Amino acid sequence: RLKKAGVIVGPVAQNSNYLSANFVNANADSLITLLEPLKEQLLWLKLDHAAINDAAMPVIGKLTTLTKLQLSNTLVTDQGIAALQSLHHLASLNLTGTKVTAKGIERLKPLKALRYLYLYQTDVKNQEWTSLQKAFPATRLDSGKYIVASLPTDTMIVKPPPKKM
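What you see is a predicted model; the values in this text were computed from it and never measured.

Q: Sorry if this is basic, but what is going on with the pattern of salt bridges here?
A: If the charged atoms of two oppositely charged side chains come close together, the side chains can form a pair. All chains considered together, the criterion is met by one salt bridge. Glu-36 is the salt-bridge partner of Lys-62, the closest N and O atoms lying 3.6 Å from each other. Of this pair, Lys-62 sits in the loop between helix 2 (57–61) and strand 4 (68–70) while Glu-36 sits in the loop between helix 1 (28–31) and strand 3 (42–46), and the two are 26 residues apart along the sequence. Taking the relative accessible area as the measure of exposure, Lys-62 reaches 43% and is therefore partly exposed.

Q: I would appreciate a short explanation of the environment of Lys-68 in the present structure.
A: If you trace the backbone, Lys-68 turns up in strand 4. Between the C-alpha atoms of Lys-68 and Lys-103, which are 35 residues apart in sequence, the distance is 22 Å. If near-sequence neighbours (up to four positions away) are discounted, Lys-68 is found in contact with Leu-43, Trp-44, Leu-45, Leu-90 and Ser-92.

Q: Would you mind showing me how to read the pairing of strand 2 (residues 19–22) here?
A: Two faces make up the sheet, and in a regular strand the side chains alternate between them. The alternating pattern of strand 2 places Leu-19 and Ala-21 and Ser-20 and Asn-22 on opposite faces, both of which are buried. When strand 1 (residues 8–11) meets strand 2, the two strands line up antiparallel, connected through four bridges. Note on strand 2: the bridge partner recorded for Val-9 is Ala-21. Examined bridge by bridge, strand 2 and strand 3 share four bridges and lie parallel to one another.

Calculation rules
- Residues numbered from 1 in each chain as written.
- Predicted model: local features only at pLDDT ≥ 70, side-chain atom pairs only at ≥ 80, totals over all residues.
- Heavy atoms only, no water.
- Salt bridge = Lys/Arg side-chain N within 4 Å of Asp/Glu carboxyl O.
- Helix = DSSP H or I, 4+ residues; strand = E, 2+ residues; numbered from the N terminus.
- Buried < 20%, exposed > 50% of the residue type's maximum accessible area, 1.4 Å probe, protein only.
- Contact = heavy atoms within 4.5 Å.
- Pairing = 2+ DSSP bridges.

Now the structure itself:
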């Protein structure tokens, strides 16, 4: 039923029984419960830009084999994040563009496998990053606020070519 509804379901690697599910072309809100029978095989779940909210999070919390979860640009909040505390194998979590706060993120401290946490355009305040890094010392917290250094060889001033006489 998932595939018929437009969900891309496939193995994470050749000759593997572990699965990934991508809701890029499907209405996740009405289909999320169909993931429960896959809970022992599903490693990666991509719900970026899906029309889901906190109501879907208890179902996702039952997918305890997940190692990668992408929830960017969804309506997930701190309340929904609490349901992810059971995902002890989760290594990567993308919450970019959601309304989660530092308080909600701190609920994920029991997830010792968490290595990457993407928090660009969330409601985490600038002054809260230091305390979050202390709470997650083994996790790379990505704020998306990159600063690219200038190199001496960079062109800083663009000048038109000299006029020919």
